[in-house]
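Chain by chain, the residues run as shown.
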Amino acid sequence: MPGGQGVSERTVRERAPEPSAVRPARRRAGVGRVAGPALRYLLLLAMALLLVGPFLWQLSTALKGTGEPIYGPDTTLLPAEPTLGNFGKVAEVIPVWRYIGNSALVAVASVLTNCLLGAMAGYALARMRFRGRGAVFAAVLASLVVPFEVIMVNVFLTVRSLGLVDTLLGVLLPGAVSGLSILVMRTAFLALPKETEEAAAIDGAGEWARFWRVALPSVRGSLAVVGVFSFLFAWDDFLWPLIVLKSPDNFTLTVGLQYLSGTFTNDQRVVAAGTMIAVIPLLAVFFALQRMFFRGIGEGGVKG
Amino acid sequence: MIGRRWYVPWLFLAPALLVTALMTWGPLANTGVLAFTDAQALGGGQFTGLDNFVRLADDTDFFRALGNTALYLVVVVPALVLLPLLLAQLVHAKLPGIGAFRAVFYTPVIASMVVVGLIWSWLLSSDGLVNAVLVKLRVVAEPLPFLTDATLLLFSCMLVTVWKGLGYYMVIYLAALSNVPGELHEAARVDGAGAVRRFRSVTVPTVRPTMLLVGTLAAISATKVFAEIYVMSSGTAGPGGQAKSIVYYIREVGLGVDGEIGYASAMSLTLFVGTLGLSVLALVLRRRSERNTA
């Protein structure tokens, strides 16, 4: 959030590793000096192996051909003859492109609804005076302490009575605008100087024009935070799509992957390829945007 | 002078409020009402007073789920309070390439729990890499049933939860660590305090509010554990379904073919009281620690 103490530009700066860094570098005081940088790099590498190794092992399995063992004493760390055949097989077992499309549709729709509806509500709460504002704000705040898991059975009943079981709209609806999105946008608008909007008002701009043309473009950073988190949440969600989707044709990617591992457990190579299909695009985007992402998280209000 | 016409704010609020009312407040109210009825998936629902709660007190499956969830909490919360702090300490340094390490440590957070669960199912299966290494090193004679023994399955799921959560809480701690004044560390070092001593006497006291926040977040998410168990057991919750968590059990009871909505609602309400209790506990602890430092 603007004004919040976040991960600063300085702390997210990234540089390529240099071997010369092993020399005792002069560092800012306050760094927990366990030992020299050499030991620190060793620990960092060990942790990196622990946290990324499992992904790499999965990738290695996905690239091994049917002739190559994936367990037993002859298994090698790297595929002897890497093949993309397993990726093709995924599409034979499950309609994986369709699942990706379904997940993308829900995730993009969730980004749009959370950004737009969240911003509209946040704007009203931040900028307009009206009877009942306190009550609405309290209701939004209170909705944060209601875990979805507590109400899922009854959300399902509601979605069923709307006739939306087994539809992507039904998947989208419960997360279409979260209380958190509204709060983040409200905070962003509160931090904007009022003067620009007042100037626009004097020029005769209506409420919508002030919101759409003046205020919204000024909170792009917060919109990005809301957008990224809405996308990730919708893309990664499993419990609700598992509840609401019934026919395999309508599955999102997470439910489809689980389904794949159920139908085809005898070939781990194909399951591994499926998980890689799901995770590689996401990681590619993340690593491309990671500087922005970490700054966004810092601004996004995760602070102690 | 913004919002002269009284209905304008409500036009801005209407879509969001409609969704929240329909998808949060309505279902919550419904949960509160149906918990006291014998409602089934297909219609019905007579008021039955506290019958559901009496039945709950006698339901061994529910208590097993409760026990499993409690065990989850007891293991996962301390791990997720401490380990990400150490990890944040490790990457809270101005060293070349440190930003890349931070991003790398965050990757498990980005991947969905289903992907992570499937990756670890393969690693921990009886033919998997972990067992192969353990057998090779002669730590064990036979592969361990990480996924097919109910207790081991639960611990495997905890491992996955912690593994996936490390980067997430690390980022929260990083924001807090950047508030720790460097002079304090320097002064402690000059006074001859070792790394462990400085961690305990300088770092921990300054990030204690964040530890409380992380503990609360980790505890609330641990009480709702579901996907780990579902994916790692291929939807069976272990042999005889003995590794069910509360959410797992609620889903099974309330959303099965002949869902017992009333009974599931009573369980949901119990879960809600539990999560609220955790939040209140965190608030009390926070107040107390603020009073102590004030």
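Residues numbered from 1 in each chain as written. Chains lettered and ligands numbered in written order. Predicted model: local features only at pLDDT ≥ 70, side-chain atom pairs only at ≥ 80, totals over all residues. Heavy atoms only, no water.

Chemist: How should I be thinking about the overall build of chain A in this particular structure?
Modeler: In terms of regular secondary structure, chain A is built from 14 helices and 0 strands. For chain A, the N- to C-terminal ordering of α and β elements is α-α-α-α-α-α-α-α-α-α-α-α-α-α. Scored against the burial criterion, the 304 residues of chain A give a buried share of 50%. A fraction of 70% describes how many contacts in chain A between residues 6 or more apart in sequence connect residues 24 or more apart. Summed over its atoms, the accessible surface of chain A is roughly 14100 Å², and 65% of this surface lies on carbon and sulfur atoms. (Helix = DSSP H or I, 4+ residues; strand = E, 2+ residues; numbered from the N terminus. Buried < 20%, exposed > 50% of the residue type's maximum accessible area, 1.4 Å probe, protein only. Contact = heavy atoms within 4.5 Å. Areas by Shrake-Rupley, 256 points an atom, 1.4 Å probe, with all protein chains shown as cover.)

Chemist: Would you mind showing me how to read the packing of aromatic side chains here?
Modeler: Using the criterion set out here, one finds 29 aromatic pairs over all chains in the structure. Ring centres 5.3 Å apart and planes at 70° place the aromatic pair A:F130 and B:W10 in the edge-to-face group. Residue A:F130 is found in the loop between helix 4 (96-127) and helix 5 (133-143), and its partner B:W10 is found in helix 1 (residues 8-34); the two belong to separate chains. By relative accessible area, A:F130 is classed as buried at 15%. Accessibility expressed as a relative area gives 31% for B:W10, which makes it partly exposed. Ring plane angle 35° and centroid distance 6.0 Å describe the contact between B:Y230 and B:Y248, whose orientation is recorded as tilted. With a gap of 18 residues between them, B:Y230 in helix 10 (residues 227-232) and B:Y248 in helix 11 (residues 246-255) connect regions that are remote in the sequence. Among the aromatic residues, those joined into a ring-pair cluster are A:Y123, A:F189, A:W208, A:F211, A:W212 and B:F12. It is A:R186 that lies over the ring of A:F137; its NZ or CZ is 4.0 Å from the centre. (Phe/Tyr/Trp six-rings, centres within 6.5 Å; stacked < 30°, edge-to-face > 60°. Lys NZ or Arg CZ within 6 Å of the ring centre and 35° of its normal.)

Chemist: Explain the UniProt feature "domain: ABC transmembrane type-1" (unreviewed entry) in chain B to me, please; I cannot follow it from the model alone.
Modeler: Residues annotated in UniProt with the feature "domain: ABC transmembrane type-1" (unreviewed entry) correspond here to residues 66-282 of chain B. Split by type, residues 66-282 of chain B is 75% helix and 0% strand. Its first and last C-alpha atoms lie 20 Å apart. (UniProt positions renumbered as here; feature names shortened; annotations may be inferred.)

Chemist: Just to check I follow, could you spell out the interface of chain B and chain A for this structure?
Modeler: In many reports, interface size means the accessible area that the parts give up when they come together. In this assembly, 96 residues from chain B lie in contact with 106 residues from chain A. Interface of chain B and chain A: buried area, both sides summed, is about 9200 Å²; carbon and sulfur atoms make up 75% of it. Our count for the chain B to chain A interface comes out at 2 salt bridges. Note that A:E207 and B:R5 form a salt bridge whose closest N and O atoms lie 3.0 Å from each other. Counting across the chain B and chain A interface gives 10 residue pairs in polar contact (both at pLDDT 80 or more). The leading source of residues in the side of chain B that touches chain A is helix 1 of chain B, at 20 residues. (Buried area = accessible area lost by both parts, 1.4 Å probe. Salt bridge = Lys/Arg side-chain N within 4 Å of Asp/Glu carboxyl O. Polar contact = N/O pair within 3.5 Å; in protein donor to acceptor, adjacent residues only side chain to side chain.)

Chemist: Any chance you could explain the confidence of the model for chain A here in plain terms?
Modeler: When pLDDT drops low, the exact placement of atoms in the prediction is not to be read closely. All names here are of chain A. Considering every residue of chain A, the mean pLDDT works out to 84; 84% of them sit at 70 or more. Per-residue pLDDT, averaged within each element of chain A, yields its smallest value for helix 1 (residues 9-12) (37) and its largest for helix 7 (residues 168-172) (97). Long-range and interchain partners of residues 1-34, a stretch whose pLDDT sits below 50, account for 72 contacts in this model, where long-range means more than four residues apart. Confidence drops under a pLDDT of 50 for residues 299-304, and excluding neighbours within four residues, the segment shows 14 contacts in the predicted structure. (pLDDT = per-residue confidence, 0-100.)

Chemist: Is there a simple way to think about the UniProt feature "transmembrane region" (unreviewed entry) in chain B in this case?
Modeler: Residues and elements named next belong to chain B. Under the UniProt annotation, "transmembrane region" (unreviewed entry) lies at residues 7-28, 70-91, 103-124, 144-163, 207-227 and 261-285. Summarising residues 144-163: 70% helix, 0% strand, and an end-to-end C-alpha distance of 20 Å. Helix and strand shares over residues 261-285 are 100% and 0% respectively, and the end C-alpha atoms of the span are 36 Å apart.

Chemist: I'm lost on the pattern of salt bridges in this one. Help?
Modeler: Close approach of charged atoms allows side chains with opposite charge to pair. Residue and element names in this part refer to chain B. Going through the model one piece at a time under the given rule, you end up with 7 salt bridges over all chains. Of the charged contacts in the structure, one is a salt bridge between D61 and R64, with a shortest N-O distance of 3.7 Å. With D61 and R64 both in helix 3 (residues 60-91) and 3 residues apart, the pair spans about one turn of that helix. Exposure remark for R64: the relative accessible area of 36% places this residue in the partly exposed category.

Chemist: Quick question: what am I supposed to make of a nonpolar patch on the surface here?
Modeler: On the surface, a cluster of nonpolar side chains totalling about 400 Å² of accessible area is made up of A:L141, A:L144, A:V145, A:L180 and B:L276. Along the chain, A:L180 turns up in helix 8 (residues 179-190). (Patch = residues over 30% accessible without salt bridge, like charges linked within 9 Å, V, L, I, M, F, W, Y side chains within 5 Å.)

Chemist: Would you mind going over the side chain of B:N68 with me for this structure?
Modeler: Residue and element names in this part refer to chain B. Looking at the secondary structure, you find N68 in helix 3. According to the relative accessible area criterion, N68 is buried, its value standing at 11%. Setting aside residues up to four positions removed in sequence, N68 forms contacts with L154, Q242, A243 and K244.

Chemist: What is the right way to read the nonpolar core from this model?
Modeler: Within soluble globular proteins, side chains that are nonpolar generally end up buried alongside one another. Counting residues in each nonpolar core, the largest one holds 181 residues, and the members touching the most others are A:F189, A:F238, B:F105 and B:F226. Broken down by element, this core gets its largest block of residues, 16 residues, from helix 7 (residues 150-177) of chain B. (Core = buried A, V, L, I, M, F, W, Y, C linked by side-chain atoms within 4.5 Å.)

Chemist: Help me understand the environment of A:G36 in this model?
Modeler: By secondary structure assignment, the location of A:G36 is in the loop between helix 1 and helix 2 (37-62). Separated by 177 residues in sequence, A:G36 and A:R213 place their C-alpha atoms 53 Å apart.

Chemist: I keep staring at the confidence of the model for chain B and nothing clicks. Help me out?
Modeler: When pLDDT is averaged along chain B, the result is 91, and 98% of the positions lie at 70 or above. Both scores are given for the predicted complex: the pTM is 0.87, the ipTM 0.91.

Chemist: What is the right way to read the packing of helix 3 of chain B against helix 9 (residues 195-223) of chain B from this model?
Modeler: Pairs of packed helices are described in terms of their axes, by the angle between the two and the distance that separates them. All names here are of chain B. Between helix 3 and helix 9, the shortest axis-to-axis distance is 9 Å and the interhelical angle comes to 140°. Taken together, the axes of helix 3 and helix 9 are oblique relative to one another. The two elements helix 3 and helix 9 cross, and the hand of that crossing is right-handed. Taking contact as the criterion, the partners of T69, Y72, L73, V77, L80, V81, L85, L86 and Q89 in helix 3 are, on helix 9, F199, T203, V207, M211, V214, G215, A218, A219, A222 and T223. (Axes fitted to C-alpha atoms, helices over the stretch in contact; angles between N-to-C directions. Parallel < 35°, antiparallel > 145°, perpendicular 65-115°, else oblique. Left-handed = near helix turned anticlockwise from the far one by under 90°.)

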